[in-house]
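Inside the fold
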Amino acid sequence: MEPKENGNQPGRVIEGPTNPMVTPLLNDLYQFTMAYAYWKAGKQNERSVFDLYFRKNPFGGEYTVFAGLEECVKFLANFKLTHQEIDYVRDSLPGSEEAFCDYLKGLDCSDVEVYAIPEGSVVFPKVPLMRVEGPVGVVQLLETPFLNLVNFASLVATNAARHRFVAGKSKSLLEFGARRAQGPDGAISASKYCYLGGFDATSNVAAGKLFGIPLRGTHSHAFVSSFMSTDEIVDKVLQSADGETTCDDFISLVQTWLTKIQYSPSLSGFFSETNQSELAAFISYALAFPKAFLALVDTYDVMKSGIPNFCAVALALNDLGYKALGIRLDSGDLAYLSTEARNFFCAVERELKVPGFGKMIVTASNDLNEETIDALNKQGHEVDAFGIGTYLVTCYAQAALGCVFKLVEINNQPRIKLSEDVTKVSIPCKKRSYRLYGKEGYPLVDIMTGENEPPPKVGERLLCRHPFNESKRAYVVPQRVEELLKCFWRGSADEAREELPPLKEIRDRCIKQLENMRPDHMRRLNPTPYKVSVSAKLYDFIHFLWLNEAPVGELQ
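Analysis parameters
- Residues numbered from 1 in each chain as written.
- Predicted model: local features only at pLDDT ≥ 70, side-chain atom pairs only at ≥ 80, totals over all residues.
- Heavy atoms only, no water.
- UniProt positions renumbered as here; feature names shortened; annotations may be inferred.
- Pairing = 2+ DSSP bridges.
- Helix = DSSP H or I, 4+ residues; strand = E, 2+ residues; numbered from the N terminus.
- Contact = heavy atoms within 4.5 Å.
- Axes fitted to C-alpha atoms, helices over the stretch in contact; angles between N-to-C directions.
- pLDDT = per-residue confidence, 0-100.
- Phe/Tyr/Trp six-rings, centres within 6.5 Å; stacked < 30°, edge-to-face > 60°.
- Buried < 20%, exposed > 50% of the residue type's maximum accessible area, 1.4 Å probe, protein only.
- Lys NZ or Arg CZ within 6 Å of the ring centre and 35° of its normal.
- Core = buried A, V, L, I, M, F, W, Y, C linked by side-chain atoms within 4.5 Å.
- Domains from an automatic or database assignment.

An unreviewed UniProt entry lists the chain under the name Nicotinate phosphoribosyltransferase, with Brassica campestris as the source organism. The chain has a UniProt comment under Function (unreviewed entry) that states "Catalyzes the first step in the biosynthesis of NAD from nicotinic acid, the ATP-dependent synthesis of beta-nicotinate D-ribonucleotide from nicotinate and 5-phospho-D-ribose 1-phosphate. Helps prevent cellular oxidative stress via its role in NAD biosynthesis."

Below you can see the structure in the form of structure tokens.
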């Protein structure tokens, strides 16, 4: 879709969605059949209110990170069906009248309003992430795209946040999942939302360019095994970091250091001879990237070859004023190997008098997930950075978040969706949502009220009720009250709306909100459920409407 001016801020252009495939046709057929039926019945312009929310937190946890809002706003700002798309819709609806095509030609989101919780916020079940208001004909066509843009984004951001929690603040987290993601869009989206959820960098170059995410990466086993010997290295010259001297034979310098390590009293017992083709690969890579030398050391044998070879190259670089970054471990017992590697680096620092050598970065990869990182923490390890791919970007532990988009009001008349499964009963009417904080500064409860109810006040006692369980209720005296829903799209209205912050600010919001949660809500196993409630007045109205809409059975 071509970017167009935002109706309420003339001259300001909002770009289209990141993925050009996100168009009004990214929809389920029944959205268009309903749009046609609305139009046929003359209902297409009736004012509707829909809530987008989810019913259960993912991964067995008690929190979710909301993501995908920016892409939804970009979609809204550029919503327009092309002539070719309209022709296809007409052909897909046999018997539809030509006048419906004229209706579709004039369709945009200039009369739509979207109120949402800011992206990157910690959110909970039942509370609307987005409230979408507007003519029912066009809002119905937003359901599938919005759910598509929010479901995976929020799921993978939450997955990233959970990995960050178990790894701890001090570790670097690197997203390495592009090759295992579900297609190109899965890879790009995962990189973006993993960064939002607390990861530090990605290996995905396209995502780095699109979103400004820091890039990280070194080389693979293929690069190491592609070398046979140091004879393959033609250019052996390396200029010093300060540019004042030149080493004419970097290979010889490395070999000298390898010999020193081999015959060093405290290091001699670790290895005898190293793999020379691996050494050639390391030398070649260091010559290419002397300022960013980080080697994959497990192609042949970590402790008998990879680590000594790395150290020899790193020490040679050190002679020329460069500082090697560290190593990556991609197989084996990561707890043991990282500890042994750290011990080796520290021994080099002591024995060969190289300050700071013991602080080399140790990066670990190899199908890591929450459980393996937690296990490493319990065993004890010396890993500084985790490269995580498959389990992160595919959200292997849970396939989908399960967001839904439900009509809660039309023509100022509240509507409810009933079910024998009470978790699927919707909460009717246009609502306002608040987060209430306690004395310790932690969030205590989220509460939904009717739109026209007075907001909760600091220091005033308030009854919070479970939406469906009459025995679950509690009084709360909030020390701080935060209204959750803010206007992010107001169509062609002149009133101001919230600006879309840059990704870095959204990431900072996410990290800050997660840090502000009570620890028992965050723990991996058996977390304490966070309370979501409604006001007493809304509770009464829900159950009044429920009884009013549910048919009365008859026993014979």
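Past the structure itself, the notes keep going.
Turning our eyes to something else, we now look at the sheet that holds strand E17 (residues 413-414). Across the sheet, which stays open at both edges, the 6 strands sit in the order E17-E16-E3-E7-E5-E23 with antiparallel pairing between neighbours. Strands at the two margins of the open sheet, each flanked by one partner only, are E17 and strand E23 (486-489). When strand E3 (residues 47-53) meets strand E16 (residues 404-410), the two strands line up antiparallel, connected through 6 bridges. Each bridged residue has a counterpart across the sheet, and for tyrosine 53 the counterpart in E16 is valine 404. Sheet strands touched by helix H6 (residues 143-167): E3, strand E5 (113-116), strand E7 (130-135) and E16. Its angle to E16, the strand with the most contacts, is close to 135°.

The sites that carry the UniProt feature "domain: Nicotinate/nicotinamide phosphoribosyltransferase" (unreviewed entry) are, in the present numbering, residues 325-424. Segment residues 325-424 splits into 33% helix and 21% strand. End C-alpha atoms: 52 Å apart.

Another aspect to go through is the confidence of the model for the chain. The predicted model of the chain averages 95 in pLDDT, with 97% of residues at 70 or higher. Segment residues 5-11 is flagged for pLDDT under 50; beyond a separation of four residues in sequence, or across chains, it makes 18 contacts in the model.

Attention now goes to the UniProt feature "domain: Nicotinate phosphoribosyltransferase N-terminal" (unreviewed entry) in the chain. Following the UniProt record, the feature "domain: Nicotinate phosphoribosyltransferase N-terminal" (unreviewed entry) maps to residues 25-151 here. Secondary structure within residues 25-151 divides into 42% helix and 17% strand; the distance between the first and last C-alpha atoms comes to 18 Å.

The next subject is the packing of aromatic side chains. Under the counting rule described, the total for this entry stands at 18 aromatic pairs. With centroids separated by 5.7 Å and ring planes inclined at 35°, the aromatic side chains of tyrosine 36 and tryptophan 39 adopt a geometry described as tilted. In this pair, tyrosine 36 and tryptophan 39 both sit in helix H1 (residues 29-40), 3 residues apart, roughly one turn of the helix. Taken as a pair, tyrosine 36 and tryptophan 39 share a single burial class, namely buried. Ring centres of phenylalanine 124 and tyrosine 530 lie 3.8 Å apart, and the angle between their planes is 15°; on these two criteria the pair is classed as stacked. In this pair, phenylalanine 124 is assigned in the loop between strand E6 (122-123) and E7 and tyrosine 530 in the loop between helix H17 (519-522) and strand E24 (531-535), connecting sequence segments 406 residues apart. Of the two residues examined, phenylalanine 124 and tyrosine 530, each falls in the buried class. One aromatic cluster is present, formed by Phe282, Phe293, Phe310, Phe345 and Phe357 through successive ring pairs. Here the basic side chain of arginine 465 rests over the ring of tyrosine 539, its NZ or CZ set 3.7 Å away from the ring centre. The ring of tyrosine 195 carries the charged tip of arginine 507 above its face, separated from the ring centre by 4.8 Å.

This brings us to the nonpolar core. Among the nonpolar cores identified, the biggest contains 166 residues, and Met130, Phe146, Phe250 and Phe310 are the most heavily contacted of them. Counting residues per element, this core draws most heavily on H6, which supplies 12 residues. Here this core spans two domains, since at least three of its residues come from each of domain 1 (29-159 + 398-549) and domain 2 (219-383). Not counting residues within four places of it along the chain, the set of residues in contact with phenylalanine 146 comprises Leu52, Cys72, Phe75, Leu76, Val114, Met130, Val132 and Phe405. Counting residues in each nonpolar core, the second largest holds 6 residues, with Leu436, Val445, Ile447 and Cys464 among its members.

Our next topic: the sheet that holds strand E8 (residues 172-175). Strand order across the open sheet formed by 6 strands is E9-E8-E15-E14-E13-E12, with parallel pairing between neighbours. The open sheet is flanked by strand E9 (201-202) and strand E12 (294-296), the only strands paired with a single partner. Note: E8 against strand E15 (residues 385-388), 4 bridges, orientation parallel. Considered in E15, the bridge of leucine 174 is made with glycine 387. Along the sheet, helix H13 (residues 334-352) makes contact with strand E13 (326-329) and strand E14 (361-364), crossing E13 at roughly 160°.

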